[in-house]
Amino acid sequence: MPRIAFLILTCLAASAGAQESRLAADFRGEGDRLKSGCSSFSFGKLASCAEVLFTDHPMHIAVGSLAPQNGVATGVALEGHWTTENWRNSWNVDGMGSPNGSWRTGAYITAVWIRRPKIGDSNGGSSADSQPIVLKSNISIREQAVFHFYAENTSLNKIGFFGLGPSTRDTARAYFGMREAITGANTVIPLWQKLNLAFTAEANGRFVDIRGAHGQGSPSIEQVYTPATAPGLAAQPAFAQFGQGVRLRPSFAKDYIRLNYYVGIQEFIAGSSHNSFRRFTTDLQHQFPFYQTTRTLLPKDHNGPDDCSVDMSSTDHKCPPLMPPPAVGKTRNLEGSVNLRLLISESFVSTGNVVPFYFQPTLGGSDINGSPALASYQDYRFRAPNILLFRASVEHSISKLPIGVTAILDEGKVAADRGDVDFSHLRHSYSAGLTLRAGGFPLVYLLFSWGGHEGMHTSARMDNSLLGGSYRPSFY
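Quick caveat: nothing in here was measured; it's all calculated off a predicted structure.

What counts, and where the lines are drawn
- Residues numbered from 1 in each chain as written.
- Predicted model: local features only at pLDDT ≥ 70, side-chain atom pairs only at ≥ 80, totals over all residues.
- Heavy atoms only, no water.
- Helix = DSSP H or I, 4+ residues; strand = E, 2+ residues; numbered from the N terminus.
- Buried < 20%, exposed > 50% of the residue type's maximum accessible area, 1.4 Å probe, protein only.
- Contact = heavy atoms within 4.5 Å.
- Areas by Shrake-Rupley, 256 points an atom, 1.4 Å probe, with all protein chains shown as cover.
- Disulfide = S-S within 2.5 Å.
- Salt bridge = Lys/Arg side-chain N within 4 Å of Asp/Glu carboxyl O.
- 1 Å grid on protein atoms, 1.4 Å probe; cavity = no way out; pocket = protein on both sides within 12 Å on 5 of 7 lines; lining within 4 Å.
- Points joined across faces, edges and corners; volume = space filled by probe spheres on them.
- Nonpolar A, V, L, I, M, F, W, Y, C, P; charged D, E, K, R; others polar.
- Pairing = 2+ DSSP bridges.
- Core = buried A, V, L, I, M, F, W, Y, C linked by side-chain atoms within 4.5 Å.
- Phe/Tyr/Trp six-rings, centres within 6.5 Å; stacked < 30°, edge-to-face > 60°.
- Lys NZ or Arg CZ within 6 Å of the ring centre and 35° of its normal.

1. Concerning the overall build of the protein
Turning to step 1, where the next piece is worked out: Helices and strands together make up the secondary structure of the protein, namely four helices and 19 strands.
Turning to step 2, where the next piece is worked out: By the burial criterion, 50% of the 476 residues in the protein qualify as buried.
Turning to step 3, where the next piece is worked out: Long-range pairs, those at least 24 residues apart, make up 66% of the contacts in the protein with a sequence separation of at least 6.
Turning to step 4, where the next piece is worked out: Only carbon and sulfur atoms are counted for the fraction: they give 62% of the accessible area of the protein, which is about 22,100 Å².

Have a look at this one:
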């Protein structure tokens, strides 16, 4: 499948050059930048060549980690942009595969509604709204209504399963394979600019196929577990999944306090009614920067996952440079922050219904979306319908390099029943490591973790979206 996607994208690139169009002009411009940046292999041109190859538009090399245990995938991504009077739109298409045979393909469209400022007639000039808004933090940039449409298909050959609940044994590990197709749309609609308050909504069709994973270091899931101990193992119905929520992203104290709050509910409606359920999520994130030059690094709603454009109104769609220039009046562009997060996810299940195991969140190592939590444990170690996670972390750049050092404390638990979601009997994990956040390149982290009473765990991961790109759809 990834090879087919690669051939399709290559053919699209070739055909685009046959006629003069916006896409053809973009290819011609990228060719010029490729020639300029990669014509020689001097150390000074290495960064500019890498920027063109891995972040430029309309085509670049796509690279990123799939779900844990499935390796780093490589492929190709194609993107394009077009603008109308009231809309700024973009599209992304990508395909990539990993050495263990796992793969992902996807197509994404982003539409941003532009609210035109009103023009005043005082002195023949424009109103204050027509002037550019310059703010220190990209968390406070004026938001516009954004609509994402996507179709993504992912096949994973190795996912760990240890049973359900907080008391499973690490020796009970089995593996399974999964393919999930997600087709749908989501939107972010600003409500109150002063607090960066927005309404979010999504509507997705989810189609899952679970299979065995043989030839691994542990048994295949059907050899150890049954539909009673792994609900959803026997059959996987199609799901219609909806979600609504509110998001709050204000900054205070001259940008030294930055909040990213989300509260939402999802409805999973199955073709077979006993698999339907609802999920309520509270995610409270806090960033306390050491310097005003510290970036927030939040995904930008106006981009697709393969697009790291800094400014949605720009016509060149440039990504951040690999080595940004020093801040005005400073000799070094230092970054650093203390971060706190509280995540609570609870499932509401009617009598006689169950939450399929493949839609239950996990703690331990990294989850299926690649988010680390209780990183000293094995990937996917604890799985249940309800989870609680508290995280405290500190990160600081090394000199002016895009490399940082980080230390993390995780406390969390999973629970079969919502009544057990509390702060008692939490498992803990400590981590230390390095991060790489260069220009628009995907975020890379290397962590060494300990403290979970099940040994130590070293993990390395590369984000599956460009830095500054939007999120990909969650697997659950």
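2. Regarding the state of the cysteines
Turning to step 1, where the next piece is worked out: Applying the stated criterion to the full structure yields two disulfides.
Turning to step 2, where the next piece is worked out: Here Cys-38 connects covalently by a disulfide to Cys-49, the sulfurs 2.0 Å from one another. A torsion of 110 degrees about the S-S bond marks the disulfide between Cys-38 and Cys-49 as right-handed. Residue Cys-38 is located in helix H2 (residues 22-38), and its partner Cys-49 is located in helix H3 (residues 43-55); the two are separated by eleven residues in the primary sequence.
Turning to step 3, where the next piece is worked out: Given the relative accessible area of 17%, Cys-38 is considered buried.
Turning to step 4, where the next piece is worked out: Here Cys-308 is linked by a disulfide to Cys-319, with a sulfur-sulfur distance of 1.9 Å. Taking the sign of the torsion about the S-S bond as the criterion, the disulfide between Cys-308 and Cys-319, at about 90 degrees, is right-handed. Of this pair, Cys-308 sits in the loop between strand E11 (277-289) and strand E12 (336-348) while Cys-319 sits in the loop between E11 and E12, placing them eleven residues apart in sequence.
Turning to step 5, where the next piece is worked out: In the protein, the bonded cysteines, taken in the order they occur along the sequence, pair up as 1-2, 3-4.

3. Let's talk about the pattern of salt bridges
Turning to step 1, where the next piece is worked out: Evaluated as defined, the whole model comprises 13 salt bridges.
Turning to step 2, where the next piece is worked out: In this structure, the salt-bridge partner of Asp-94 is Arg-472, at a minimum N-O distance of 2.9 Å. Here Arg-472 lies in the segment after strand E19 (457-462) and Asp-94 lies in strand E3 (residues 87-97), a separation of 378 residues in the sequence. Per residue, the accessibility class of Asp-94 equals that of Arg-472, and both read buried.
Turning to step 3, where the next piece is worked out: Residue Arg-391 pairs with Asp-410 through a salt bridge whose shortest N-O separation is 2.8 Å. Of this pair, Arg-391 sits in strand E15 (residues 386-397) while Asp-410 sits in strand E16 (residues 403-415), and the two are 19 residues apart along the sequence. As far as the burial class goes, Arg-391 and Asp-410 line up, both buried.
Turning to step 4, where the next piece is worked out: Linked by salt bridges that have partners in common, Asp-94, Glu-152, Asp-306 and Arg-472 make up one network.

4. Here's the deal with the layout of surface pockets
Turning to step 1, where the next piece is worked out: Each pocket or cavity is described by its volume, and for the second largest pocket that value is around 330 Å³.
Turning to step 2, where the next piece is worked out: Arg-33, Glu-51, Asp-56, Lys-318 and Cys-319 are the residues nearest the centre of the second largest pocket, which is lined by 16 residues in total.
Turning to step 3, where the next piece is worked out: Looking at the lining of the second largest pocket, the elements with two or more residues in it are H2 and H3.
Turning to step 4, where the next piece is worked out: Sort the elements by how many residues they give to the lining of the second largest pocket and H3 lands first, with four residues.
Turning to step 5, where the next piece is worked out: Here the lining of the second largest pocket is built from residues that sort into four nonpolar, seven polar and five charged.

5. Section: the environment of His-317
Turning to step 1, where the next piece is worked out: Tracing the backbone shows His-317 in the loop between E11 and E12.
Turning to step 2, where the next piece is worked out: With relative accessibility at 10%, the residue His-317 sits in the buried group.
Turning to step 3, where the next piece is worked out: As for His-317 and Asn-303, which are separated by 14 residues in sequence, their C-alpha atoms are 10.0 Å apart.
Turning to step 4, where the next piece is worked out: Residues within four places of His-317 in sequence aside, it is in contact with Arg-22, His-57, His-81 and Ser-309.

6. Overview of the environment of His-81
Turning to step 1, where the next piece is worked out: Structurally, His-81 can be placed in strand E2 (residues 72-83).
Turning to step 2, where the next piece is worked out: Separated by 29 residues in the primary sequence, His-81 and Thr-110 have C-alpha atoms spaced 9.3 Å apart.
Turning to step 3, where the next piece is worked out: Once you skip the residues sitting within four places of it in the chain, His-81 turns out to touch Arg-22, Asn-89, Ser-90, Trp-91, Asp-307, Ser-309 and His-317.

7. A closer look at unusual backbone geometry
Turning to step 1, where the next piece is worked out: Omega for the bond connecting His-57 with Pro-58 falls within 30 degrees of zero, at 10 degrees, which places this linkage in the cis form.
Turning to step 2, where the next piece is worked out: Structurally, the position occupied by Pro-58 is in the loop between H3 and strand E1 (59-65).
Turning to step 3, where the next piece is worked out: Although it is not a glycine, Tyr-380 sits at a positive phi angle of roughly 65 degrees.
Turning to step 4, where the next piece is worked out: Its location among the elements puts Tyr-380 in the loop between strand E13 (362-363) and strand E14 (382-383).
Turning to step 5, where the next piece is worked out: In this model, His-425 sits at a positive phi of 55 degrees, which is unusual for a non-glycine residue.
Turning to step 6, where the next piece is worked out: Its place among the elements puts His-425 in the loop between E16 and strand E17 (427-436).
Turning to step 7, where the next piece is worked out: What makes His-425 exposed here is its relative accessible area of 74%.

8. What to know about the pairing of E17
On a regular strand, one side chain projects to one face of the sheet and the next to the other, so that they alternate.
Turning to step 1, where the next piece is worked out: Of the pairings in the sheet, the one linking E16 to E17 comprises ten bridges and is antiparallel in character. When the sheet's bridge partners are listed, Val-405 is paired in E17 with Leu-434.
Turning to step 2, where the next piece is worked out: Here E17 runs beside strand E18 (residues 444-450); their pairing, made up of seven bridges, is antiparallel. Looking at the pairing, Leu-436 lines up with Val-444 of E18.

9. Quick look at the nonpolar core
Turning to step 1, where the next piece is worked out: Of all hydrophobic cores here, the largest spans 31 residues; its most connected members are Met-178, Phe-357 and Ile-368.
Turning to step 2, where the next piece is worked out: Those elements that place two or more of their residues in this core are E2, strand E5 (145-161), strand E6 (174-192), strand E7 (197-212) and strand E10 (257-270).
Turning to step 3, where the next piece is worked out: Every residue in contact with Phe-357, bar those within four places of it in the chain, is listed here: Phe-161, Leu-164, Phe-176, Ile-210, Ile-221, Ala-230, Pro-231, Gly-232, Leu-233 and Arg-383.
Turning to step 4, where the next piece is worked out: Counting residues in hydrophobic clusters, the runner-up holds ten residues, among them Ala-373, Tyr-377, Phe-382 and Val-414.

10. So, the packing of aromatic side chains
Turning to step 1, where the next piece is worked out: Applying the stated criterion to the full structure yields 15 aromatic pairs.
Turning to step 2, where the next piece is worked out: Between Tyr-358 and Phe-359, the aromatic rings sit 4.9 Å apart at their centres with planes inclined by 65 degrees, giving edge-to-face as the arrangement.
Turning to step 3, where the next piece is worked out: We classify Tyr-358 as buried; its relative accessible area is 5%.
Turning to step 4, where the next piece is worked out: Connected via pairs of aromatic rings, a cluster forms that spans Phe-161, Phe-176, Tyr-225, Phe-239, Phe-268, Phe-277, Phe-357, Tyr-358 and Phe-359.
Turning to step 5, where the next piece is worked out: The residue whose ring lies beneath Lys-158 is Tyr-175, and the NZ or CZ to ring-centre distance is 5.0 Å.
Turning to step 6, where the next piece is worked out: Stacked on the ring of Phe-162, the Lys or Arg Arg-381 has its end atom at 5.1 Å from the ring centre.

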